[in-house]
Amino acid sequence: GNKYEVMQNEAAFGVLDDLIQADNSKSIYSTVGELSGGRQVYASVDLQREFEVVPGDTHQNYVVATTSHDGSTATKLFLTTIRVICRNTLQMGIKQAKATGDFAAVKHTRMSHDRLAQARIQLVNAGYTISTLKDQLQALSTRQLDRNSVATILDRLFPMPKAKVEGADAASTRTENKRAMFLE
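Let me sum up the structure you'll find in this document. (Residues numbered from 1 in each chain as written. Predicted model: local features only at pLDDT ≥ 70, side-chain atom pairs only at ≥ 80, totals over all residues. Heavy atoms only, no water.)

## Description of the sheet that holds strand E5 (residues 62-68)
- Taken together, 5 strands build an open sheet; the order of strands is E1-E2-E5-E6-E7 and the sheet is antiparallel. Strand pairing shows two members of the sheet lacking a second neighbour, strand E1 (28-35) and strand E7 (103-106), which therefore form its edges. Within this sheet the neighbouring strands show an average axis-to-axis angle of 15°, counted without direction.
- In the sheet, E5 pairs with strand E6 (residues 75-80) via 5 bridges, with the strands oriented antiparallel. The residue bridging Val-64 from the neighbouring strand is Phe-78, located in E6.
- Helix-sheet contacts for helix H2 (residues 87-100) involve E1, strand E2 (40-46), E5, E6 and E7, and the interaxial angle to E6 is about 75°. (Pairing = 2+ DSSP bridges. Helix = DSSP H or I, 4+ residues; strand = E, 2+ residues; numbered from the N terminus. Axes fitted to C-alpha atoms, helices over the stretch in contact; angles between N-to-C directions. Contact = heavy atoms within 4.5 Å.)

Laid out in structure tokens, this is it:
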């Protein structure tokens, strides 16, 4: 439409540059790539704030910016623990960030620069978000689940098929096998 205005890489990735400068160069660019023949691009910054939930369970933290040059998608900025290297990991990172609320989308309009400024402020608080995530994951790692709690979770993940459905016997056996694997 007449409101569409292409956002240049410099503007989209400038948020990442600002983040690196604000972090006194502790953060570094991790990946930069293109998709669909260059119509979509992404870059990620490793925040260098690795943490362990339990020994051996290490989490990296990244801020990612992605934008398109053909109007197919808004510019997106988000915090994720997923290292973006392809379309699949980009989509996984977006899904994770939307679920945690660490996501901003800026449409390609004349007002996009104002929205980018708001996203910058949101991402500056990434350290707080990471600290909160770390605390929550560590608290969850100390919770013990009894057999009944695990069975309840499995009922939701692998519900038993109804007997009237065609092929239910085979599906029932597969479901029982999956459940047994967790309850052993």
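Next comes the rest of the description.
## Thoughts on the nonpolar core
- Residues Met-7, Phe-13, Leu-16, Leu-47, Val-63, Leu-77 and Leu-116 are the most contacted members of the largest nonpolar core, which totals 24 residues.
- The element that contributes the greatest number of residues to this core is helix H1 (residues 9-22), accounting for 7 residues.
- Once residues within four sequence positions are removed from consideration, Val-63 is found in contact with Leu-16, Leu-19, Ala-43, Ser-44, Val-45, Leu-47, Phe-78, Leu-79 and Leu-123. (Core = buried A, V, L, I, M, F, W, Y, C linked by side-chain atoms within 4.5 Å. Buried < 20%, exposed > 50% of the residue type's maximum accessible area, 1.4 Å probe, protein only.)

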